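# Examination of the molecular architecture
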Protein chains: 4
Amino acid sequence: MKELKGIIAPVPTPFNDNEELALDELGRNLERWSQTKLSGFVLLGSTGEFVYLTTDEKKAVFQKAREVVPSDRIMLAGTGSESTRETISLTRWAGELGVDFAMVVTPAYYKKAMKPEILRAHYIEVAEKSPIPIVLYNVPIFTMLNMDAELAMELASHPNIIGIKDSSGNFLQLQEMCRLAPEGFSVLTGSASLLLASLTVGAAGGILAAANVAFDLCVDLKEAFEKGDLARARQLQNRLVPINKAVTVDYGIGGQKALLDRMGFYGGPPRSPLRRPSADIVEELVRVHTEACTEEVSHK
Amino acid sequence: MKELKGIIAPVPTPFNDNEELALDELGRNLERWSQTKLSGFVLLGSTGEFVYLTTDEKKAVFQKAREVVPSDRIMLAGTGSESTRETISLTRWAGELGVDFAMVVTPAYYKKAMKPEILRAHYIEVAEKSPIPIVLYNVPIFTMLNMDAELAMELASHPNIIGIKDSSGNFLQLQEMCRLAPEGFSVLTGSASLLLASLTVGAAGGILAAANVAFDLCVDLKEAFEKGDLARARQLQNRLVPINKAVTVDYGIGGQKALLDRMGFYGGPPRSPLRRPSADIVEELVRVHTEACTEEVSHK
Amino acid sequence: MKELKGIIAPVPTPFNDNEELALDELGRNLERWSQTKLSGFVLLGSTGEFVYLTTDEKKAVFQKAREVVPSDRIMLAGTGSESTRETISLTRWAGELGVDFAMVVTPAYYKKAMKPEILRAHYIEVAEKSPIPIVLYNVPIFTMLNMDAELAMELASHPNIIGIKDSSGNFLQLQEMCRLAPEGFSVLTGSASLLLASLTVGAAGGILAAANVAFDLCVDLKEAFEKGDLARARQLQNRLVPINKAVTVDYGIGGQKALLDRMGFYGGPPRSPLRRPSADIVEELVRVHTEACTEEVSHK
Amino acid sequence: MKELKGIIAPVPTPFNDNEELALDELGRNLERWSQTKLSGFVLLGSTGEFVYLTTDEKKAVFQKAREVVPSDRIMLAGTGSESTRETISLTRWAGELGVDFAMVVTPAYYKKAMKPEILRAHYIEVAEKSPIPIVLYNVPIFTMLNMDAELAMELASHPNIIGIKDSSGNFLQLQEMCRLAPEGFSVLTGSASLLLASLTVGAAGGILAAANVAFDLCVDLKEAFEKGDLARARQLQNRLVPINKAVTVDYGIGGQKALLDRMGFYGGPPRSPLRRPSADIVEELVRVHTEACTEEVSHK
């Protein structure tokens with residue numbers, strides 16, 4: 001089994017102008033990202049617009065990616081669905097395809113009903129029936145439901161649950177997960193702005209939307225930290241904050257895709273109701289990205 | 001076109017013990033509910049576990065219901081999905097089937113991106129392409145996204161958007177919608193506990209989970225109000241509050257289904273991760289239901 | 001003991017241009033309000049800027065008001081403080097002065113510590129040591145702490161706690177308090193926009209910031225409701241909503257004082273950091289107030 | 001002017017069994033804390049129960065502390081009040097007394113009115129009229145109002161505003177303040193559980209309730225970090241988390257005072273409505289404190 005660590009990119013799902021899947025473009029993008037020092041890829045995370053795809057489309061995405069992603073990189077498939085049965089079905093399919101890990105988002109529509117024991121039973125059943133290890137995916141900014149450190153650590157004791165992507169943005173919670181995690185359980189931050197702090201308290205890496213567009217910056221930060229060069233790591237973190245904010249909070253998936261178009265990747269449109277950004281916003285994104293990725297610019 | 005008003009039941013979707021669709025049971029339930037004074041039915045609202053069904057299963061549910069629901073009752077189909085394309089596709093299908101109205105929940109996964117102009121464009125596109133009138137469905141307790149009175153009223157000016165189910169629980173917001181709604185636009189409360197107050201400020205009725213199990217109580221309240229018997233209406237409202245709380249907040253869909261089993265309907269299990277309630281809870285539900293539906297019990 | 005009911009005005013506290021107490025102006029305002037059909041007055045509620053006054057200033061306000069408020073009106077004194085000892089001390093002083101009721105806001109700074117049993121003990125001790133009856137004051141918009149129906153009803157069983165002003169804006173909670181309140185315990189809404197709905201479910205009246213400037217409108221609504229003229233009451237409620245929003249949510253205490261100045265009362269400035277509104281806002285307030293209080297304007 | 005940095009203790013205010021100020025006990029406590037490596041003290045922060053003291057009592061506390069705190073330690077006085085006039089008055093008094101810095105909490109009762117421009121004007125006026133430098137105090141857990149990095153940085157440009165205690169618990173916000181702060185402006189965390197991460201991103205230190213009882217642990221962590229021993233710093237942070245949680249979130253001021261009693265300081269009771277903890281809780285606190293402060297105990 002591969003080790004779940006490093007800087008991982010949760011890549012967008014390309015569509016053509018009719019909002020149909022553009023699988024060839026996905027393949028070309030992945031080839032290009034595979035030439036960077038990224039440790040791996042998530043297909044159909046939140047940035048991958050997983051909620052907008054049918055089951056058949058999801059399978060096509062995983063299949064295409066499995067053909068392209070090199071074996072020395074980690075490949076995760078976002079297989080979480082609202083129902084346990086659909087989650088199991090898709091996870092099994094991905095496992096048979098040869099995906100390394102299934103990343104399973106918390107079911108969340110019936111929030112009040114999703115008590116810890118309900119979530120625990122859901123994840124345990126999925127883990128039991130999955131041929132590949134499960135990575136928990138906690139993303140309350142979208143699900144509006146938080147998996148706390150206590151539940152995550154209970155699940156961490158299951159042999160087929162081997163990590164968590166915590167995108168809560170709650171640093172104390174991530175720190176608590178790092179403090180309590182058993183040997184072999186990887187805590188990854190989902191917030192590029194928390195990367196340095198997360199590494200400091202013991203995170204194994206990050207699954208970072210910003211890594212789709214600022215891969216070198218993310219990897220450099222991690223390497224600076226590992227070399228013990230905190231001053232350099234802090235400087236890189238300061239450069240990472242604005243570009244991360246731009247492609248997540250401020251301009252979202254549409255913005256990120258437009259920026260990828262400008263970087264020579266295929267971005268294309270998001271699916272409706274999401275939209276492409278205005279031309280002004282694209283220029284702003286390019287400006288922020290250039291500033292973040294340019295060494296000479298003086299940063300505090 | 002039918003008028004959207006009265007007490008409407010958002011019925012549960014029956015599954016057998018393997019969590020497969022139980023369409024015959026759905027048919028029998030609808031036949032029985034059709035013998036009450038309920039004004040109509042929603043298929044695949046939140047109580048109908050719509051997030052757990054595949055598109056094919058949704059179509060099967062609509063088809064079965066269309067065969068059974070009498071023509072003098074309103075039939076609404078929950079066709080809202082995260083993507084605009086899927087929403088349109090399912091809405092068209094339901095329209096061709098002869099459903100009266102499509103009830104379209106707000107897309108909500110990418111909350112920060114779902115700004116008013118995005119939601120407006122989504123609903124306008126759906127309304128333009130739908131053969132049947134659209135009913136807005138605002139249910140922030142699940143979506144964690146609120147459609148406020150301002151946006152609802154903008155959409156209300158579209159000729160093919162003819163009502164809203166506001167399940168926000170925010171009475172001031174519902175009152176504001178009633179105050180500002182154009183002629184012919186129906187505001188329905190989604191909270192049985194707000195029924196009397198909602199009627200007082202001009203609501204056309206309610207789509208009430210509690211009406212699945214306490215149909216007569218809901219209808220009696222509405223009739224008492226219409227006769228001007230406020231004291232009686234208040235007494236009935238006081239009886240409705242505890243049973244409504246029990247089948248929504250406290251024990252959810254699993255509880256409601258178990259209570260239906262005890263009432264001679266088919267309840268069955270919800271889909272996982274939702275669960276059946278414990279035997280104790282079922283007894284408590286039966287007790288609360290009996291007390292609510294028994295006239296002799298003295299209520300304040 | 002007077003009965004706690006009707007429309008009660010939580011009057012502002014006048015300051016001169018140096019932000020010093022303007023007691024004579026307070027007296028003249030109260031004389032004028034006493035010529036309306038208002039049932040009574042609260043001195044030093046939230047609208048009275050109680051958090052900005054020293055203990056000595058509070059006593060001066062109560063004393064001046066006691067001299068002016070006629071004996072056929074209810075007089076409430078806002079005596080709640082963060083500490084139990086200060087609350088008791090001021091409540092005793094107000095009781096000896098001959099105030100009818102003490103309105104006691106929930107202590108709230110240490111929110112997590114203010115568990116129900118802590119609040120209960122606080123209120124019980126205050127009620128035991130107070131020579132006059134206590135009115136609970138729940139205003140989470142400012143305290144960010146809610147007293148729920150369960151705790152309010154526990155306290156309602158104490159013989160010296162005779163009512164609650166619920167300014168939560170949570171209509172379901174107010175309805176629950178009305179449903180469960182013992183004989184002789186008055187539930188008053190603190191939200192003018194909820195007045196009609198609150199009366200419908202059994203509230204005894206309201207303590208309404210809007211009543212400072214739209215006293216006749218509030219009283220007319222209550223009288224229309226009591227005569228059973230729901231259509232008229234609904235029309236008045238629709239007129240009350242915008243002026244209430246203007247003097248509370250939109251333009252606050254500074255706005256309300258500026259409007260009072262234009263109505264021939266003394267408004268004056270609030271204490272810093274609160275501010276007077278701009279001239280534009282004052283004109284807008286006058287416009288909204290005029291529209292609300294003018295019968296001829298057609299309202300839905 | 002002293003430099004605002006290091007580990008600073010926001011000491012509790014001692015009361016006797018009648019809840020009267022116990023100034024001699026305060027003096028003795030401060031003498032003892034002054035024998036540690038703590039950098040300084042805050043009198044009448046939130047842990048100091050400042051909301052329960054009269055103005056005269058506050059002055060007595062500052063005076064006693066000024067007599068006892070050695071000149072090589074930083075002394076801060078919590079002088080923030082709801083009104084601007086009271087804040088200025090008390091800040092001037094503290095400045096004349098020879099206190100080093102005034103720590104000024106955000107006024108917060110009228111939350112919606114406390115817009116950035118209102119807060120800015122408040123702080124600028126206080127800073128202009130204060131003889132000593134101002135430290136901003138952001139503690140949304142109590143005020144339920146957040147001063148964001150943008151407003152803090154605007155205020156940071158004023159020559160008499162020299163730092164902020166950010167107790168938001170929002171690490172991203174603190175990091176943003178560190179990233180943007182001008183030379184000479186000190187960002188201090190108010191959360192002991194964030195100490196290591198905060199130092200990593202450039203904080204000057206912390207004002208930490210946990211430092212009242214775990215002073216050596218806090219200082220050791222800071223020294224390990226400064227020596228570049230991240231592994232040791234992380235181990236100390238892991239030990240600090242549970243004791244910090246115990247004396248803040250779990251058992252509050254009453255708990256902290258009881259623990260101080262057991263450590264040979266004077267703790268005594270908090271003022272009502274706050275309470276002493278039960279005997280069980282005191283034992284638990286002693287256990288957690290001992291475990292945190294004992295080197296031999298193996299920590300991950």
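Residues numbered from 1 in each chain as written. Chains lettered and ligands numbered in written order. Predicted model: local features only at pLDDT ≥ 70, side-chain atom pairs only at ≥ 80, totals over all residues. Heavy atoms only, no water.

### Concerning the overall build of chain A
Of the regular secondary structure elements, chain A holds 12 helices and eight strands. Each principal axis of the C-alpha atoms in chain A carries an extent, and together these give about 50 × 45 × 40 Å. When each of the 300 residues of chain A is scored for burial, the buried share is 64%. Counted over contacts in chain A with a minimum sequence separation of 6, partners at least 24 positions apart contribute 71%. Accessible surface, chain A as shown: approximately 10,600 Å² in total, 48% of it carbon and sulfur. Positive and negative charge centroids in chain A, built from 32 and 38 side chains respectively, lie 1 Å apart. (Helix = DSSP H or I, 4+ residues; strand = E, 2+ residues; numbered from the N terminus. Buried < 20%, exposed > 50% of the residue type's maximum accessible area, 1.4 Å probe, protein only. Contact = heavy atoms within 4.5 Å. Areas by Shrake-Rupley, 256 points an atom, 1.4 Å probe, with all protein chains shown as cover. Lys, Arg positive; Asp, Glu negative; His and termini not counted. Charge placed at Lys NZ, Arg CZ, Asp CG, Glu CD.)

### As for the sheet that holds strand β1 (residues 6-11) of chain A
Residues and elements named next belong to chain A. The sheet built from eight strands closes into a barrel, its strands ordered β1-β2-β3-β4-β5-β6-β7-β8 with parallel pairing. Taken pair by pair, the neighbouring strands of this sheet meet at an average axis angle of 25°, ignoring direction. Strand direction decides the pairing type here: β1 and strand β2 (residues 40-43), joined by four bridges, are parallel. Considered in β2, the bridge of V11 is made with L43. (Pairing = 2+ DSSP bridges. Axes fitted to C-alpha atoms, helices over the stretch in contact; angles between N-to-C directions.)

### A look at the relation of the copies chain D and chain A
Of the transformation superimposing chain D on chain A, the axial component is 0.0 Å and the angular component is 180°, with the fit at an RMSD of 0.0 Å. Classification of the inter-copy transformation places it as that of a two-fold axis. Nearest to the rotation axis, the C-alpha of A197(D) is located 2.7 Å from it, this being the minimum over chain D. (Least-squares fit on C-alpha atoms with pLDDT ≥ 70 in both.)

### Points about the pairing of strand β5 (residues 134-138) of chain B
Residues and elements named next belong to chain B. For β5, a buried count of five out of five residues is recorded, marking the element as mostly surrounded by other parts of the structure. Side chains of β5 alternate between two faces, with I134, L136 and N138 and V135 and Y137 buried alike. Summarising the sheet, strand β4 (residues 101-105) and β5 pair through four bridges and their orientation is parallel. Along β5, the bridge assignment pairs V105 with Y137. Crossover connection from β4 via helix α4 (residues 116-129) to parallel β5: handedness right-handed. (Right-handed = clockwise from strand over helix to strand, strands pointing away.)

### A closer look at the interface of chain B and chain A
Taken together, the contact pairs 35 residues of chain B with 35 residues of chain A. Here chain B packs against chain A, burying approximately 3,200 Å² in sum over the two surfaces, 62% of which is carbon and sulfur. Broken down residue by residue, the surface that chain B buries against chain A is led by R85(B), Y109(B) and Y110(B), which jointly contribute 25%. Two residues, R85(A) and E20(B), come together in a salt bridge whose shortest N-O distance is 3.2 Å. In this assembly, chain B and chain A are joined by 18 residue pairs in polar contact (both at pLDDT 80 or more). Elements represented by at least two residues in the side of chain B that touches chain A include exactly α3 (84-97), α4 and α5 (140-143) of chain B. Of the residues in the side of chain B that touches chain A, the class split is 18 nonpolar, seven polar and 10 charged. (Buried area = accessible area lost by both parts, 1.4 Å probe. Salt bridge = Lys/Arg side-chain N within 4 Å of Asp/Glu carboxyl O. Polar contact = N/O pair within 3.5 Å; in protein donor to acceptor, adjacent residues only side chain to side chain. Nonpolar A, V, L, I, M, F, W, Y, C, P; charged D, E, K, R; others polar.)

### Comments concerning the relation of the copies chain B and chain A
Superposition of the two copies of the chain requires a rotation about an axis together with a shift along that axis. Mapping chain B onto chain A is achieved by rotating through 180° and translating by 0.0 Å along the same axis, at an RMSD of 0.0 Å. Taken together, the interface assignments show that 100% of the residues at the interface of chain B recur at the interface of chain A, consistent with an identical surface on both copies.

### Focus on the packing of aromatic side chains
Throughout the structure, instances matching the rule amount to 30 aromatic pairs over all chains. Members of the aromatic cluster, each reached through a chain of ring pairs, are F50(A), Y52(A), F142(A), Y109(B) and Y110(B). (Phe/Tyr/Trp six-rings, centres within 6.5 Å; stacked < 30°, edge-to-face > 60°.)

### Points about the interface of chain D and chain A
Often, the extent of an interface is quoted as the loss of accessible area upon association of its parts. Counting residues at the interface gives 24 residues for chain D, matched by 25 residues for chain A. Counting across the interface, chain D meets chain A through zero salt bridges. Where chain D packs against chain A, one counts four residue pairs in polar contact (both at pLDDT 80 or more). At the level of elements, α7 (171-180), α8 (195-200) and α10 (230-250) of chain D are the ones that each hand at least two residues to the side of chain D that touches chain A. Grouping the constituent residues of the side of chain D that touches chain A by class yields 13 nonpolar, seven polar and four charged.

### A few points about the pattern of salt bridges
All names here are of chain A. One pass over the structure, following the stated rule, counts 72 salt bridges over all chains. Here R73 ties to D72 by a salt bridge, and the two come within 3.4 Å at their closest N and O atoms. Given the relative accessible area of 12%, R73 is considered buried.

### Overview of the environment of I88(A)
Residue and element names in this part refer to chain A. Residue position: I88 is located in helix α3 (residues 84-97). For the pair I88 and E226, spaced 138 residues apart in sequence, the C-alpha to C-alpha distance is 37 Å. Those residues within four positions of I88 in sequence are excluded, and the remaining contacts are E125, V126 and K129.

### Considerations on the pairing of strand β2 (residues 40-43) of chain C
All names here are of chain C. Here β2 shows two buried faces, one formed by G40 and V42 and the other by F41 and L43. As paired strands, β2 and strand β3 (residues 74-78) are joined by four bridges and run parallel to one another. Following the sheet pairing, V42 is matched in β3 by L76. Handedness of the crossover is the feature at issue here: the chain leaves β2, passes through helix α2 (residues 55-68), returns alongside β3, and the resulting connection is right-handed.

### Some remarks on the side chain of K58(A)
All names here are of chain A. Inspection of the secondary structure assignment puts K58 in helix α2 (residues 55-68). Here K58 sits buried without a salt bridge, and the closest side chain of opposite charge, E86, lies 5.6 Å off (N-O distance). The residues contacting K58, other than those within four sequence positions of it, are L44, F50, L53, G80, S81 and L90.

### Thoughts on the sheet that holds β5(B)
Each strand in a sheet pairs with its neighbour through backbone hydrogen bonds, running either in the same direction (parallel) or in the opposite one (antiparallel). Residues and elements named next belong to chain B. Strand order in this closed barrel of eight strands is β1-β2-β3-β4-β5-β6-β7-β8, and the pairing throughout is parallel. Geometrically, the sheet is characterised by an average inter-axis angle of 25° between neighbouring strands, direction not taken into account. Pairing of strand β6 (residues 161-166) with strand β7 (residues 186-189) involves four bridges; the strand directions are parallel. The partner of K165 across the bridge, within β7, is L188. Running over the sheet, helix α7 (residues 171-180) touches β5, β6 and β7 and is turned about 165° from β7.

### Considerations on the nonpolar core
Membership of the largest hydrophobic core comes to 440 residues, with the highest contact counts inside it found for L240(A), I243(A), L240(B), I243(B), L240(C), I243(C) and I243(D). When residues no more than four places from it in sequence are discounted, the contact partners of L240(B) are A192(B), L195(B), A210(B), A214(B), L217(B), C218(B) and L221(B). (Core = buried A, V, L, I, M, F, W, Y, C linked by side-chain atoms within 4.5 Å.)

### Thoughts on the packing of helix α10 (residues 230-250) of chain A against helix α11 (residues 252-263) of chain A
Residue and element names in this part refer to chain A. Axis separation between α10 and α11 bottoms out at 6 Å; the angle between their running directions is 130°. Compared by their axis directions, α10 and α11 come out oblique. Contact residues: I243, A246, V247, T248 and D250 in α10; G252, Q256 and L259 in α11. The residue makeup of the contact of α10 with α11, split by class, is four nonpolar, three polar and one charged. (Parallel < 35°, antiparallel > 145°, perpendicular 65-115°, else oblique.)

### Some remarks on the environment of V105(C)
Its location among the elements puts V105(C) in strand β4 (residues 101-105). The residues contacting V105(C), other than those within four sequence positions of it, are F50(C), G80(C), Y123(C), Y137(C), V139(C), T143(C) and Y109(D).

### Re the packing of helix α1 (residues 23-33) of chain B against helix α2 (residues 55-68) of chain B
All names here are of chain B. Viewed as axis vectors pointing N to C, α1 and α2 meet at an angle of 35°, and their least axial separation amounts to 9 Å. Judged by the sense of rotation from one axis to the other, the crossing of α1 with α2 is right-handed. Seen from α1, the contacting residues are L23, D24, L26, G27, L30 and E31; seen from α2, they are A60, V61, K64, A65 and V68. Per-class residue counts for the contact of α1 with α2 are seven nonpolar, one polar and three charged. (Left-handed = near helix turned anticlockwise from the far one by under 90°.)

### A short note on unusual backbone geometry
With an omega of 15°, the peptide bond running from S272(B) to P273(B) counts as cis. With respect to the helices and strands, the residue P273(B) is situated in the loop between α11 (252-262) and α12 (279-293). Positive phi, close to 55°, is recorded for E49(C), a residue that is not glycine. The backbone of M144(D) sits at a positive phi, close to 60°, despite the residue not being glycine. Within the fold, M144(D) resides in the loop between α5 (140-143) and α6 (149-156).

### A word on α7(B)
When you tally the buried positions in α7(B), you get eight out of 10 residues, the bulk of the element. Those residues of α7(B) lying buried are F171(B), Q173(B), L174(B), Q175(B), E176(B), M177(B), C178(B) and R179(B).

### Thoughts on the environment of S46(D)
The topology assignment puts S46(D) in the loop between β2 (40-43) and α2 (55-68). Separated by 59 residues in the primary sequence, S46(D) and V105(D) have C-alpha atoms spaced 9.2 Å apart. Contacts of S46(D), omitting those with residues within four sequence positions, involve Y109(C), Y110(C), Y137(D), V139(D), F142(D) and I253(D). A distance of 2.8 Å separates the side chain of S46(D) from the side chain of Y109(C), its partner in a polar contact.

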